[in-house]
Amino acid sequence: MSFKIVRKDDLDSIDYLVEVEAKEVADRFVPGQFVMLMTKKEGERVPMSVMKAEDGKISMFIRKLGKTSKELRKNLDKFEAVIGPLGQGVKIKKYGTVVVVSDAVCGHAENYAICKALKKIDGNHIISIQTFPSAKEVYPESYLAKEYADEYILVAEDGTLGEDRNYLDVLNKLIKNDIKIDFIFGGGKLPTLKKISSFMEKYNIPNLLTVRQIMVDGSGMCGACRLFYNDEMKLACIDGPMFDGRYVDWDTAIKRYGMFKREERVADLDYTCKNNGGCKSWQK
Ligand SMILES: Cc1cc2nc3c(=O)[nH]c(=O)nc-3n(C[C@H](O)[C@H](O)[C@H](O)COP(=O)(O)OP(=O)(O)OC[C@H]3O[C@@H](n4cnc5c(N)ncnc54)[C@H](O)[C@@H]3O)c2cc1C
Ligand code: FES
């Protein structure tokens, strides 16, 4: 069985949207969950957050980082497998004032899915903060959580959208203006999440943040995605991927996520060379 890709659109210079037919996944999806994608039968499994699940299809924002994500943008019209939905979804209920944040690297898929689901519940006041590298790199309007948020704030890291450079700047302003934040959902690079977790500890705000860890099987068998949470070992693929950041051992999580940087770089260079007529120098 294969899964047909029905849409691939570039969103900015490195991100693209992929929409794929995957009815069983779409019917059971809860925001915060992810899927494992396989581009070939013998290939690796790639974890990916789901942005939208509708009409038997799921959509994902994918960033061209290395071999698989580049190959997928260029060549593929189907997936060999779309496994999921995996992990724990978030509870869709009344939270009060909820802030949903994403940084310039990750979290936009969860931001969209969570805002959309929480909007349906009375009593939620949703503030969405989405960060982009610059005003020029903002996704097209229809892929933003703007549609579902009561307040929507766009931030550019280079200052082209106002004085705030990241979501922590905005959160600090909200607190300064006496806004009581009842809950925060968020995604971002692990070092960014570590910083925001100190903020949440300081103001005692419950939260759920997507903690990306290297995943191999996505089903709790290999142990690759383990992290320490409240002094206990957890598996990001089964117990997460969203955790209350106040209890995550961020230093260990950051170290583990960077464990295969060298191998990933080699695979990327190999792929880039093969697709550019060969280049021998780096292999020597
Ligand atoms: C729960 C979860 C949700 C994710 N959601 C998204 C998303 O919505 N959009 C998106 O673009 N990416 C997402 N990722 C990251 C995505 O899995 C990697 O970008 C992808 O595996 C890159 O593969 P590559 O071969 O193109 O690049 P590589 O060169 O192999 O890797 C580039 C970088 O991607 C990360 N990565 C690589 N392999 C894995 C792996 N097996 N598990 C986790 N991270 C890996 C590492 O940070 C690595 O440095 C998510 C990861 C997790 C764990
Ligand atoms: S990815 Fe293997 S246990 Fe989580």
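Preceding block: the structure.
A quick note: this is a predicted structure, and the numbers were derived from the prediction, not measured.

About the cut-offs
- Residues numbered from 1 in each chain as written.
- Chains lettered and ligands numbered in written order.
- Predicted model: local features only at pLDDT ≥ 70, side-chain atom pairs only at ≥ 80, totals over all residues.
- Heavy atoms only, no water.
- Helix = DSSP H or I, 4+ residues; strand = E, 2+ residues; numbered from the N terminus.
- Rg over C-alpha atoms; globule rule 2.2 N^0.38 Å.
- Buried < 20%, exposed > 50% of the residue type's maximum accessible area, 1.4 Å probe, protein only.
- Contact = heavy atoms within 4.5 Å.
- Areas by Shrake-Rupley, 256 points an atom, 1.4 Å probe, with all protein chains shown as cover.
- Lys, Arg positive; Asp, Glu negative; His and termini not counted.
- Charge placed at Lys NZ, Arg CZ, Asp CG, Glu CD.
- Axes fitted to C-alpha atoms, helices over the stretch in contact; angles between N-to-C directions.
- Parallel < 35°, antiparallel > 145°, perpendicular 65-115°, else oblique.
- Nonpolar A, V, L, I, M, F, W, Y, C, P; charged D, E, K, R; others polar.
- Pairing = 2+ DSSP bridges.
- Phe/Tyr/Trp six-rings, centres within 6.5 Å; stacked < 30°, edge-to-face > 60°.
- Left-handed = near helix turned anticlockwise from the far one by under 90°.
- Salt bridge = Lys/Arg side-chain N within 4 Å of Asp/Glu carboxyl O.

Undergrad: Mind showing me how you'd approach the overall build of the chain here?
TA: Within the chain, the regular secondary structure consists of seven helices and 16 strands. Radius of gyration (C-alpha) of the chain: 19 Å, near the 19 Å computed for a compact globule of 284 residues. If one aligns the C-alpha atoms of the chain with their principal axes, the spans along those axes are about 60 × 40 × 40 Å. Counting only residues that meet the buried cut, the chain has 50% of its 284 residues in that class. Contacts spanning at least 24 positions in sequence make up 66% of the contacts within the chain whose residues lie at least 6 apart. As displayed, the chain has an accessible area near 14,100 Å², and 50% of this comes from carbon and sulfur atoms. Of the charged side chains in the chain, 45 are positive and 42 negative, and the gap between their average positions amounts to 4 Å.

Undergrad: Before we go on, may I ask you to explain the packing of helix 5 (residues 190-203) against helix 6 (residues 250-257) in this structure?
TA: For any two helices packed against each other, the geometry comes down to the angle between their axes and how far apart the axes lie. At a minimum axis distance of 10 Å, the contact between helix 5 and helix 6 shows a crossing angle of 175 degrees. Taken together, the axes of helix 5 and helix 6 lie roughly antiparallel to each other. Between helix 5 and helix 6, the contacting residues are Leu190, Pro191, Leu193, Lys194 and Ser197 on the first element and Trp250, Asp251, Ala253, Ile254 and Tyr257 on the second. Here the contact of helix 5 with helix 6 is composed, by residue class, of seven nonpolar, one polar and two charged.

Undergrad: Before we go on, may I ask you to explain the pairing of strand 15 (residues 232-235) in this structure?
TA: On a regular strand, one side chain projects to one face of the sheet and the next to the other, so that they alternate. As defined by bridge partners, strand 14 (residues 226-229) adjoins strand 15 across four bridges and the pair is classed as antiparallel. Bridge pairing in strand 15 links Arg226 to Leu235.

Undergrad: Would you mind showing me how to read the packing of aromatic side chains here?
TA: The description of two aromatic rings rests on the distance between their centres and on the angle between their planes. Going through the model one piece at a time under the given rule, you end up with ten aromatic pairs. Centroid distance Phe61 to Tyr143: 6.4 Å. Interplanar angle 80 degrees. Geometry classified as edge-to-face. Taken as a pair, Phe61 in strand 6 (residues 57-63) and Tyr143 in the loop between strand 10 (125-132) and strand 11 (151-156) lie far apart in primary sequence, 82 residues in all. By relative accessible area, which is 8% here, Tyr143 ends up buried. An angle of 85 degrees between the planes, with centres 5.3 Å apart, marks the rings of Tyr95 and Phe185 as edge-to-face.

Undergrad: Just to check I follow, could you spell out the packing of helix 4 (residues 167-176) against helix 5 for this structure?
TA: Where helix 4 contacts helix 5, the axes come no closer than 10 Å and their chain directions differ by 10 degrees. Compared by their axis directions, helix 4 and helix 5 come out roughly parallel. Along this stretch, helix 4 crosses helix 5, giving a crossing that reads as right-handed. Contacts from Tyr167, Leu168, Leu171, Asn172 and Ile175 in helix 4 reach Thr192, Leu193, Lys195, Ile196, Phe199 and Tyr203 in helix 5. Its residues placed into classes, the contact of helix 4 with helix 5 shows eight nonpolar, two polar and one charged.

Undergrad: When you look at the pattern of salt bridges in this model, what are you seeing that I'm missing?
TA: By the definition in use, this model includes 16 salt bridges. For the salt bridge of Glu19 with Arg7, the shortest nitrogen-to-oxygen distance reads 4.0 Å. Within this pair, whereas Glu19 is found in strand 2 (residues 15-21), its partner Arg7 is found in strand 1 (residues 3-10), the two being separated by twelve residues in sequence. Its relative accessible area of 16% is what places Glu19 among the buried residues.

Remember, this is a structural readout, not a statement about activity or role.
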